[in-house]
Amino acid sequence: MDINALFSIKDKVTLVTGGSRGIGEMIAMGFVQAGAKVYITSRKVKDCEETAAKLNALGPGQAIPLPADLQNLDQVKQLVAELSKRETHLDVLVNNAGATWGAPVDEYPEAAFQKVMNLNVTRIFSLTQALLPLLRAKASSQSPSRVINIGSIAGEYVPHYEAYAYSASKAAVSHMTRHLSGRLGRDFILCNTIAPGSFPSKMMAETLRKNKESYLKKIPLDRTGTPEDIAGTCIYLASRASSYTNGATIIIDGGISQSNSRL
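Described below are features of the structure shown in this document.

Cut-off values and rules
- Residues numbered from 1 in each chain as written.
- Predicted model: local features only at pLDDT ≥ 70, side-chain atom pairs only at ≥ 80, totals over all residues.
- Heavy atoms only, no water.
- Helix = DSSP H or I, 4+ residues; strand = E, 2+ residues; numbered from the N terminus.
- Rg over C-alpha atoms; globule rule 2.2 N^0.38 Å.
- Buried < 20%, exposed > 50% of the residue type's maximum accessible area, 1.4 Å probe, protein only.
- Lys, Arg positive; Asp, Glu negative; His and termini not counted.
- Charge placed at Lys NZ, Arg CZ, Asp CG, Glu CD.
- Contact = heavy atoms within 4.5 Å.
- Axes fitted to C-alpha atoms, helices over the stretch in contact; angles between N-to-C directions.
- Left-handed = near helix turned anticlockwise from the far one by under 90°.
- Nonpolar A, V, L, I, M, F, W, Y, C, P; charged D, E, K, R; others polar.
- Patch = residues over 30% accessible without salt bridge, like charges linked within 9 Å, V, L, I, M, F, W, Y side chains within 5 Å.
- Areas by Shrake-Rupley, 256 points an atom, 1.4 Å probe, with all protein chains shown as cover.
- Salt bridge = Lys/Arg side-chain N within 4 Å of Asp/Glu carboxyl O.
- Disulfide = S-S within 2.5 Å.
- Pairing = 2+ DSSP bridges.
- Expected span 1.5 Å × (residues − 1).

**Remarks on the overall build of the protein chain**
For step 1, the next point in the chain: Broken down by element type, the protein chain carries 9 helices and 7 strands.
For step 2, the next point in the chain: Relative to the compact-globule value of 18 Å for 263 residues, the protein chain shows a C-alpha radius of gyration of 18 Å, a close match.
For step 3, the next point in the chain: Its C-alpha atoms give the protein chain principal-axis dimensions of about 50 × 45 × 40 Å.
For step 4, the next point in the chain: Taken across its 263 residues, the protein chain has 52% of its residues classed as buried.
For step 5, the next point in the chain: Computed over 29 positive and 23 negative side-chain charges, the separation of the two mean positions in the protein chain equals 3 Å.

**Describing the environment of Ile250**
For step 1, the next point in the chain: In this fold, Ile250 is placed in strand S7 (residues 249-252).
For step 2, the next point in the chain: Separated by 96 residues in sequence, Ile250 and Ala154 have C-alpha atoms that sit 13 Å apart.
For step 3, the next point in the chain: Look past the residues within four positions of Ile250 in its chain and what remains in contact with it is Thr193, Ile194, Ala195, Thr233, Tyr236 and Leu237.

**Things to note about the packing of helix H2 (residues 22-33) against helix H3 (residues 45-56)**
For step 1, the next point in the chain: Between H2 and H3, the shortest axis-to-axis distance is 10 Å and the interhelical angle comes to 35°. At the point where H2 passes H3, the crossing takes the right-handed sense. Mapping the contact onto sequence places Glu25, Ala28, Met29 and Val32 in H2 and Thr51, Lys54 and Leu55 in H3.
For step 2, the next point in the chain: Here the residues of the contact of H2 with H3 sort into 4 nonpolar, 1 polar and 2 charged.

**A closer look at a positive patch on the surface**
For step 1, the next point in the chain: Taken together, the side chains of Arg21, Arg43, Lys44 and Lys115 make up a positively charged region of the molecular surface.
For step 2, the next point in the chain: For Lys115, the location among the structural elements is in helix H5 (residues 110-130).

**A closer look at the environment of Ala241**
For step 1, the next point in the chain: Position of Ala241 relative to the elements: it lies in the loop between helix H9 (227-238) and S7.
For step 2, the next point in the chain: A residue is classified by how much of its surface remains accessible, and Ala241, at 23% relative accessible area, is partly exposed.
For step 3, the next point in the chain: With 233 residues separating them along the chain, Ala241 and Ser8 place their C-alpha atoms 8.7 Å apart.
For step 4, the next point in the chain: Not counting residues within four places of it along the chain, the set of residues in contact with Ala241 comprises Leu6, Phe7 and Tyr236.

**Quick look at the state of the cysteines**
As used in these notes, a disulfide is a covalent bond between sulfur atoms, one from each of two cysteines.
For step 1, the next point in the chain: Summed over all chains, the structure comprises 0 disulfides.
For step 2, the next point in the chain: Here Cys191 stays unpaired: no disulfide links it, and the sulfur of Cys234, its closest cysteine neighbor, is 14 Å away.

**Quick notes on the sheet that holds S7**
For step 1, the next point in the chain: Strand order in the open sheet formed by 7 strands is S3-S2-S1-S4-S5-S6-S7, with parallel pairing between adjacent strands. Here the strands that pair on one side only, and so sit at the sheet edges, are strand S3 (62-65) and S7. Adjacent strand axes in the sheet meet at a mean angle of 20°, parallel and antiparallel pairs treated alike.
For step 2, the next point in the chain: The pairing of strand S6 (residues 189-196) with S7 spans 4 bridges and is classified as parallel. Its bridge partner lying in S7, Ala195 is registered against Ile251.

**Thoughts on the pattern of salt bridges**
For step 1, the next point in the chain: Tallying each qualifying case throughout the model produces 9 salt bridges.
For step 2, the next point in the chain: Glu82 serves as the salt-bridge partner of Arg86, at 3.1 Å between the closest nitrogen and oxygen. Remark: Glu82 and Arg86 occur in helix H4 (residues 73-86); sequence separation between them is 4 residues, near one turn of the helix.
For step 3, the next point in the chain: According to the relative accessible area criterion, Glu82 is partly exposed, its value standing at 26%.
For step 4, the next point in the chain: A salt bridge links Asp229 to Arg223; its shortest N-O distance comes to 2.9 Å.
For step 5, the next point in the chain: Among the residues examined, Arg223 registers a relative accessible area of 38% and is labelled partly exposed.
For step 6, the next point in the chain: Several salt bridges share partner residues, and in doing so they unite Glu82, Lys85 and Arg86 into one network.

**Some words on unusual backbone geometry**
Most of the time, phi is negative for any residue but glycine, and the peptide bond is trans.
For step 1, the next point in the chain: Omega for the bond connecting Gly59 with Pro60 falls within 30 degrees of zero, at 0°, which places this linkage in the cis form.
For step 2, the next point in the chain: Along the chain, Pro60 falls in the loop between H3 and S3.
For step 3, the next point in the chain: In this structure, Asp11 is a non-glycine residue whose phi angle is positive, near 70°.
For step 4, the next point in the chain: In this structure, Asp11 sits in the loop between helix H1 (3-6) and strand S1 (13-17).

**Here's the deal with H2**
For step 1, the next point in the chain: Spanning 12 residues, H2 covers 17 Å between terminal C-alpha atoms, matching the ideal 16 Å at 1.5 Å per step.
For step 2, the next point in the chain: Burial runs high along H2: 10 of the 12 residues are buried.
For step 3, the next point in the chain: In the segment just after H2, Gly35 is the residue with positive phi, at about 95°.

Now the structure itself:
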C-alpha cells in the first residue's frame, strides 16, 4: 500500500463553486497546495481573480478564475461551455456556492426563500447535470470522478435560529446527494456530502464578532473549524482513500450536533 499516493490529488482537474472566499476558498487553497488544477468560480470577477492570484503564489498546483453567477441558468451553461473548451475531463466537482436568509417565520419573504433554494439546491443539480459528460470522460472503477456537495449541520438537525430556507435546502442537499450516488455510482462518479458546522466565513463573521465567547462555549472543542479541517476532508473525498465511499454525509462540526447546547 502506497500511503503517499493514497491521499494524492496531484494534477486532478477540479471545479470549486463559491471558491473566492470562506469555505470555498479554504477548499481551493488545500487543493492547490496539494498540486491540483483548480478552477474557481464565484459571482464577482474581481474576487475570483484576486483569490486565484493569491493561491497561485502558494503553489504547487494552479488556480484559474472562471467567474459565473450560478443563480442564473444561462451562466451555469456558459460556465460549463467555457470549462469544456479548456478541459477534456473533470475529476472533482465541489458544489460549495450557497446563500442564506434569516427572518422570523411570520415575516419570511417568499423571494428570499426561492433565492436560497434555487442556489443551494436547484443549481447544484443543474451544474452537476451539465458537467456529467466531463465527469464521465475519464471515470473508471479504479479512478472514479467525484462530486462533493457542501451541506451544513443545519440540514442534519433543526437549528434554533430562524433560517428556514437554509436549513431546508441543506437537508435537501444531503438527500439529493444520496439519490445521485446510487445512479451516478454506476458511471463511476462518487457523490458525497460534507456538513460543516462553524467556520470563519463571511456568513459567520457577524455572529462571531458579537458573541464569540458564548458561541464557542457551545462547541465541545471550543473552537471554530480551520481551513485544514475542511480541506483535509475534501482531499480525502477526492483521493484514492475514498474510492469506496459513496452517498455519505460527513459532519465536521467539533461535536456541536451531538451536544446538549446545539446552536
